[in-house]
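Below, each chain spelled out in residue letters.
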Amino acid sequence: MDAGNLFDREIECEDETILTIKQSFIGDVGCVVWDAALVLAKYLETSGFRRRYGGELTKKRLLELGAGTGATGLVACRLGADVILTDLPDFLPLMEMNIQTNESALSGSAKARVLKWGDDVADFLPSPDLILMSDCVYYPESVGPLVKTLVDLTNQGGQIICCYEERTIGQNAEAHRLFDQLMDPHFSVEEIPRGELHPVYNSEEIHVKQYRRKTDVSEDTLS
């Protein structure tokens, strides 16, 4: 990856540790840190998150879908989680660079791996304790494969935190309608109240939702 195309975004954690996230001028939308990723990352540091998800993240196994730069997953790793950052092959060098850049600040382990939505997930099992995703529901054509991957990665009771910026027009709005429709048979959903989010990193336009798997994976079918 050409260093001349990179620029830094610093994320200050609650313990005042600074994570330096490399972003790229060249590439798809996942090459930069979006607001939804920051809102989700900072939510992981709140007492509201700890109450909902059983305390600290130390030694919890997390998987981030559509990780892009890996910013959210790396904050989780700073908090002690063992995290797998996943995205398409084009993003692998950027994720690996950000792991290496912040290696000394990470309390858990972090790995970057390729995962194309809709493909076999056997190499990512057993199911993670928690799945993270931010601004992943964007293109209608990717929604079916994304939901299939979420179903395949979760067992009964499995949990997902999805954060996204609300966009009410165009294909993004259509994608969210389809996502809700396809997720409904498999997951219950609850929106996290803004009062539980980080007091600074929150917005009326950015939603954080908790999904919980309804049934055992063996009972599910998703074409």
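Small disclaimer: the values here were computed from a predicted structure and weren't measured.

Draft legend 1. Focus on the state of the cysteines. Scanning the entire structure with this criterion turns up zero disulfides. Take Cys 136: it sits in no disulfide, and the sulfur closest to it among the cysteines is that of Cys 162, at 7.1 Å. Note on Cys 162: relative accessible area 2%, which makes it buried.

Draft legend 2. Examining helix H3 (residues 71-78) more closely. In terms of burial, H3 is largely enclosed, as seven of its eight residues are buried. Where H3 is concerned, the buried positions are Ala 71, Thr 72, Gly 73, Leu 74, Val 75, Ala 76 and Cys 77. Gly 80 occupies a position one or two residues after H3 and carries a positive phi of about 110°.

Draft legend 3. Broad picture of the environment of Leu 88. When you line up the elements, Leu 88 lands in the loop between strand E4 (82-87) and helix H4 (92-101). A sequence separation of 23 residues divides Leu 88 from Leu 65, and the C-alpha atoms of the two residues are 9.7 Å apart. Once you skip the residues sitting within four places of it in the chain, Leu 88 turns out to touch Val 114 and Lys 116.

Draft legend 4. Region of the structure containing the pairing of strand E5 (residues 110-114). Direction of pairing for E4 relative to E5: parallel, over a ladder of five bridges. Residue pairing for E5: Ile 84 is matched across the bridge by Lys 111. Of the crossover connections in this fold, the one passing from E4 over H4 to the parallel E5 is right-handed.

Draft legend 5. Structural view of the side chain of His 176. Summarising the element assignment, His 176 is placed in helix H6 (residues 170-183). When neighbours within four sequence positions are excluded, His 176 is seen to be in contact with Val 137 and Tyr 164.

Draft legend 6. Region of interest: the sheet that holds E5. The strand order across the open sheet formed by seven strands is E5-E4-E3-E6-E7-E9-E8, and the pairing between neighbours is mixed. The sheet is open, and its two borders are formed by E5 and strand E8 (187-191), each paired with just one other strand. Each strand of the sheet is rotated relative to its neighbour by a mean of 20°, with strand direction disregarded. In terms of strand pairing, strand E6 (residues 130-134) meets strand E7 (residues 159-165) through four bridges, oriented parallel. What sits directly across from Met 133, in E7, is Cys 162. In the packing of H3 onto the sheet, contacts are made with strand E3 (61-65), E4, E5 and E6, and the angle to E4 comes to roughly 175°. Along the sheet, helix H5 (residues 140-153) contacts E3, E6, E7, E8 and strand E9 (206-213); its crossing angle with E3, the most-contacted strand, is approximately 170°.

Draft legend 7. Examining unusual backbone geometry more closely. The step from Leu 125 to Pro 126 runs through a cis peptide bond, and the omega angle for that step is 10°. Summarising the element assignment, Pro 126 is placed in the loop between E5 and E6. Residue Lys 59 is not a glycine yet carries a positive backbone phi of 70°. Inspection of the secondary structure assignment puts Lys 59 in the loop between helix H2 (47-52) and E3. Note on Lys 59: relative accessible area 61%, which makes it exposed. Backbone geometry places Asp 135, a non-glycine residue, at a positive phi of 50°. The topology assignment puts Asp 135 in the loop between E6 and H5.

Conventions adopted
- Residues numbered from 1 in each chain as written.
- Predicted model: local features only at pLDDT ≥ 70, side-chain atom pairs only at ≥ 80, totals over all residues.
- Heavy atoms only, no water.
- Disulfide = S-S within 2.5 Å.
- Buried < 20%, exposed > 50% of the residue type's maximum accessible area, 1.4 Å probe, protein only.
- Helix = DSSP H or I, 4+ residues; strand = E, 2+ residues; numbered from the N terminus.
- Contact = heavy atoms within 4.5 Å.
- Pairing = 2+ DSSP bridges.
- Right-handed = clockwise from strand over helix to strand, strands pointing away.
- Axes fitted to C-alpha atoms, helices over the stretch in contact; angles between N-to-C directions.

Purely spatial values, then, with no claim about function.
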